[in-house]
Amino acid sequence: ALLAEGVTTVEVKSGYGLDAVSELKQLRVARRLARDAGVDVRTTLLAAHALPPEFAGRAEDYIDLVCAQMIPEAVAAGLADAVDAYCETIGFTPAQAQRVFDAARAHGLPVKLHADQLSDMGGGAQAAAAYALSADHLGYTSEAGVAAMAAAGTVAVLLPGAYYFLRDTTPPPVAALRAAGVRMAVATDCNPGTSPMTSLLLAMNMACTLWRLTPQEALAGVTRHAARALGRGHDIGTLEVG
């Protein structure tokens with residue numbers, strides 16, 4: 001569906017296995033999709049997505065596993081281009097997300113963060129402090145978080161599909177992001193739990209109709225700013241001489 005709309009580069013995240021075998025399997029499938037479908041796939045390890053039932057009440061132990069086993073194994077197998085974490089009241093604390101960041105950086109991988117989706121936990125500012133490639137969702141990001149992201153060059157990834165599907169009522173601070181000069185990417189957030197959307201064109205439409213992005217901003221959001229959110233702004237996302 002994405003290819004039919006002209007998409008040339010796709011980010012695929014793990015995060016739906018929550019054990020080492022399943023997380024790496026998802027990343028291997030993503031790598032194979034790149035070969036079989038003829039599309040550029042960037043893979044992101046999102047093992048710190050939720051706490052698996054067998055670790056109930058032991059979030060620190062699970063983060064130990066992510067940092068000590070999953071990240072090193074993904075790097076050794078060449079399966080991850082970045083590492084993400086879900087920092088939220090129903091996810092992981094800022095301190096736990098920071099541990100994931102530190103482990104990723106120790107293995108040479110850039111980071112990104114599911115930030116401030118349901119509450120203001122300072123995720124935008126935390127992502128900026130780590131010079132994260134991107135921070136996603138941002139429904140509750142404060143003015144301080146916006147300013148920090150602008151200073152760090154962290155891309156704001158807007159995900160209108162999840163907002164719509166969850167019947168959310170708190171939009172991301174688009175006007176503040178625009179005023180601060182934060183680059184705004186737009187994505188489908190295609191996933192089975194909160195955004196079963198396979199159309200990037202629909203994501204652009206919803207970003208404009210729900211959040212008042214201009215068509216020009218939406219186009220930049222799925223091209224040059226999206227490329228920067230993947231750390232690929234130097235070679236994709238724009239039409240340039242040569």
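The coordinates are above.
Residues numbered from 1 in each chain as written. Predicted model: local features only at pLDDT ≥ 70, side-chain atom pairs only at ≥ 80, totals over all residues. Heavy atoms only, no water.

A. Representation of the packing of aromatic side chains within the structure. Scanning the entire structure with this criterion turns up 3 aromatic pairs. Members of the aromatic cluster, joined through ring pairs, are Phe55, Tyr62 and Phe92. (Phe/Tyr/Trp six-rings, centres within 6.5 Å; stacked < 30°, edge-to-face > 60°.)

B. Region of interest: the packing of helix 1 (residues 20-37) against helix 2 (residues 59-76). Interhelical geometry of helix 1 versus helix 2 gives an angle of 30 degrees and a closest axis separation of 10 Å. On the basis of the axis angle, helix 1 is roughly parallel to helix 2. Like other packed secondary-structure pairs, helix 1 and helix 2 cross with a definite hand, here right-handed. Residues Ala20, Glu23, Leu24 and Leu27 of helix 1 pack against Gln69, Met70, Glu73 and Ala74 of helix 2. By residue class, the composition of the contact of helix 1 with helix 2 is 5 nonpolar, 1 polar and 2 charged. (Axes fitted to C-alpha atoms, helices over the stretch in contact; angles between N-to-C directions. Helix = DSSP H or I, 4+ residues; strand = E, 2+ residues; numbered from the N terminus. Parallel < 35°, antiparallel > 145°, perpendicular 65-115°, else oblique. Left-handed = near helix turned anticlockwise from the far one by under 90°. Contact = heavy atoms within 4.5 Å. Nonpolar A, V, L, I, M, F, W, Y, C, P; charged D, E, K, R; others polar.)

C. View of the nonpolar core. Ranked by size, the top nonpolar core spans 62 residues in total, and within it Leu45, Tyr62, Val100, Leu113 and Leu213 carry the most contacts. Contacts of Leu113, omitting those with residues within four sequence positions, involve Asp84, Ala85, Cys87, Ala97, Phe101, Gly123, Gln126, Ala127, Ser134, Ala135 and Asp136. Membership of the second largest hydrophobic core comes to 6 residues, among which are Val155, Leu159, Ala185 and Ala229. (Core = buried A, V, L, I, M, F, W, Y, C linked by side-chain atoms within 4.5 Å. Buried < 20%, exposed > 50% of the residue type's maximum accessible area, 1.4 Å probe, protein only.)

D. Quick look at the pattern of salt bridges. Per the stated rule, a full pass over the model turns up 12 salt bridges. Note that Asp84 is salt-bridged to Lys13, the shortest N-O span being 2.7 Å. With a gap of 71 residues between them, Asp84 in strand 3 (residues 82-87) and Lys13 in strand 1 (residues 9-13) connect regions that are remote in the sequence. Of the residues examined, Lys13 reaches a relative accessible area of 23% and is grouped as partly exposed. Measuring nitrogen to oxygen at the nearest pair gives 3.1 Å for the salt bridge that ties Asp81 to Arg31. (Salt bridge = Lys/Arg side-chain N within 4 Å of Asp/Glu carboxyl O.)

E. Summary view of the sheet that holds strand 1. Ordered in space as 1-2-3-4-5-6-7, the 7 strands form an open sheet in which the pairing is parallel. The open sheet terminates on both sides in strands that have one partner only, identified here as strand 1 and strand 7 (184-186). Across this sheet, the average inter-strand angle for adjacent strands is 25 degrees, counted without regard to direction. As paired strands, strand 5 (residues 134-137) and strand 6 (residues 155-158) are joined by 3 bridges and run parallel to one another. By the bridge assignment, Ser134 is partnered in strand 6 with Val155. (Pairing = 2+ DSSP bridges.)

F. Highlighting helix 5 (residues 143-152). Those residues of helix 5 not exposed but buried are Gly145, Val146 and Met149. Relative to the axis of helix 5, the buried residues are bounded by an arc of 100 degrees and lie together on one face. Turned more than 90 degrees away from the buried face of helix 5 sit Glu143, Ala144 and Ala151, all of them exposed. Check the buried side of helix 5 and you find it contacts helix 4 (123-129), strand 5, strand 6 and helix 7 (174-180). (Arc of directions from axis to C-beta.)

G. Structural detail: a nonpolar patch on the surface. Where nonpolar side chains cluster on the molecular surface, the patch consists of Tyr164, Phe165, Leu166 and Leu210 and spans about 400 Å² of accessible area. One can find Leu210 in helix 8 (residues 200-211). Looking at Leu210, the relative accessible area reads 36%, which means it is partly exposed. (Patch = residues over 30% accessible without salt bridge, like charges linked within 9 Å, V, L, I, M, F, W, Y side chains within 5 Å. Areas by Shrake-Rupley, 256 points an atom, 1.4 Å probe, with all protein chains shown as cover.)

H. Fine view of unusual backbone geometry. Backbone geometry at Tyr131 places phi at a positive 50 degrees, although glycine is not the residue there. By the element assignment, Tyr131 lies in the loop between helix 4 and strand 5. For Asp189, which is not glycine, the phi torsion reads 55 degrees and is therefore positive. Structurally, the position occupied by Asp189 is in the loop between strand 7 and helix 8.

I. Here's a closer look at the pairing of strand 6. Burial of strand 6 is two-sided: the residues Val155 and Val157 facing one way and the residues Ala156 and Leu158 facing the other way are all buried. Where strand 6 lies against strand 7, 3 bridges are found, and the strand directions are parallel. Bridge pairing in strand 7 places Ala156 opposite Met184.

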